[in-house]
Amino acid sequence: MKKPTLWERYLTKEIGIEFKACLYFFALLFFYCIYRICIGWTMAEILHMAEMIFLTYIVGYIQVFLLWNFDEADCLGKKEVLGIGICTVIYTGISYLCNWFDRNCYVTIGFAFYVIFLYVCVYFVYKCRRKIDDKILNSDLELFQARSGK
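Residues numbered from 1 in each chain as written. Predicted model: local features only at pLDDT ≥ 70, side-chain atom pairs only at ≥ 80, totals over all residues. Heavy atoms only, no water.

Q: Quick rundown of the overall build of the protein chain? Include the residues and the values.
A: Counting its regular elements, the protein chain contains four helices and zero strands. Counted from the first residue to the last, the protein chain has its helices and strands arranged as α-α-α-α. The C-alpha atoms of the protein chain give a radius of gyration of 19 Å, which is well past the 15 Å a tight globule of 150 residues would have. Each principal axis of the C-alpha distribution contributes one length, and for the protein chain these read about 65 × 30 × 30 Å. (Helix = DSSP H or I, 4+ residues; strand = E, 2+ residues; numbered from the N terminus. Rg over C-alpha atoms; globule rule 2.2 N^0.38 Å.)

Set out below in structure tokens:
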């Protein structure tokens, strides 16, 4: 079997970053919209949404290329917790600087805890997905071996 080419490895990482950006953007936007509804606004700022989507892409690249892709790790160790902390500080800091939550310290602190919770949930989702993928691959291998007569 041929080893994946450099292009295929790069494309795999890009697809992963794209998926992360969509996932995290939806989660950030959800928190933002709930906040806006709670303060009596039924509209979201387009500028804030643009900042969120660009930020999720930037943080996705940081996660994948600099922080060991920690949300897809096998276990939550010190490195992964450090990655969660770094990304949480980035998201929270930008949310405050860009005035997503009207610089309300309590909401911003709540947002930080929400981001941590989000990362833990995503870690467990990826872990479950790996277990399911392992089962499917093992099942496929058994079927292949049975057909090959091994």
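Q: Describe the packing of helix α1 (residues 6-38) against helix α2 (residues 46-65), with residues and values.
A: When two helices pack together, their arrangement is captured by the angle between the axes and the distance separating the axes. Packing of α1 against α2 brings their axes to within 8 Å, and their N-to-C directions diverge by 140 degrees. Classed by the angle they form, the pair α1 and α2 counts as oblique. Our pair here, α1 against α2, has a crossing hand that is right-handed. For the pair formed by α1 and α2, the contact residues are Lys-13, Glu-14, Ile-17, Glu-18, Lys-20, Ala-21, Tyr-24, Phe-25, Leu-28, Leu-29 and Tyr-32 on the first element and His-48, Met-49, Met-52, Ile-53, Thr-56, Tyr-57, Gly-60, Tyr-61, Gln-63, Val-64 and Phe-65 on the second. By residue class, the composition of the contact of α1 with α2 is 14 nonpolar, four polar and four charged. (Axes fitted to C-alpha atoms, helices over the stretch in contact; angles between N-to-C directions. Parallel < 35°, antiparallel > 145°, perpendicular 65-115°, else oblique. Left-handed = near helix turned anticlockwise from the far one by under 90°. Contact = heavy atoms within 4.5 Å. Nonpolar A, V, L, I, M, F, W, Y, C, P; charged D, E, K, R; others polar.)

Q: Provide a residue-level description of the pattern of salt bridges, including the pertinent values.
A: Taken as a whole, this structure holds five salt bridges when the rule is applied. For Glu-45, the salt bridge identified is with Arg-36, shortest N-O distance 3.7 Å. One salt bridge in this structure joins Asp-74 and Arg-130, with 3.4 Å as the shortest N-O distance. Here Asp-74, found in the loop between α2 and α3 (78-97), pairs with Arg-130, found in helix α4 (residues 105-148); they are 56 residues apart in sequence, far enough to count as distant. With a relative accessible area of 59%, Asp-74 lands in the exposed category. Counted as one network, the salt bridges with shared partners bring together Lys-20, Asp-71 and Glu-72. (Salt bridge = Lys/Arg side-chain N within 4 Å of Asp/Glu carboxyl O. Buried < 20%, exposed > 50% of the residue type's maximum accessible area, 1.4 Å probe, protein only.)

Q: If you had to explain unusual backbone geometry to someone new, which residues and values would you point to?
A: Unlike most non-glycine residues, Trp-68 shows phi in positive territory, near 60 degrees. Structurally, Trp-68 is set in the loop between α2 and α3. Notably, Asn-69 is not glycine yet its phi reads approximately 50 degrees, a positive angle.

Q: A description of the packing of α3 against α4 should follow, citing residues and the corresponding values.
A: At a closest axis distance of 9 Å, the pairing of α3 and α4 adopts a crossing angle of 145 degrees. The crossing of α3 and α4 is right-handed. Between α3 and α4, the contacting residues are Ile-84, Cys-87, Thr-88, Tyr-91, Thr-92, Ser-95 and Tyr-96 on the first element and Cys-105, Thr-108, Phe-111, Ala-112, Val-115, Ile-116 and Tyr-119 on the second. Residues belonging to the contact of α3 with α4 are distributed by class as follows: 10 nonpolar, four polar and no charged.

Q: Let's hear about the environment of Leu-67: which residues, and what values?
A: Looking at the secondary structure, you find Leu-67 in the loop between α2 and α3. Overall, Leu-67 belongs to the buried group, its relative accessible area being 7%. Remark: the alpha-carbon pair of Leu-67 and Ile-84, spanning 17 residues in sequence, is separated by 9.1 Å.

Q: Hey, could you go over the environment of Leu-29 for me, with residue numbers and the actual values?
A: As for its placement among the helices and strands, Leu-29 is situated in helix α1. The class of Leu-29 is buried, set by a relative accessible area of 18%. With 15 residues separating them in the primary sequence, Leu-29 and Ala-44 have C-alpha atoms 9.1 Å apart. Sequence-distant contacts of Leu-29, that is, excluding residues within four places in its chain, are made with Met-49 and Met-52.

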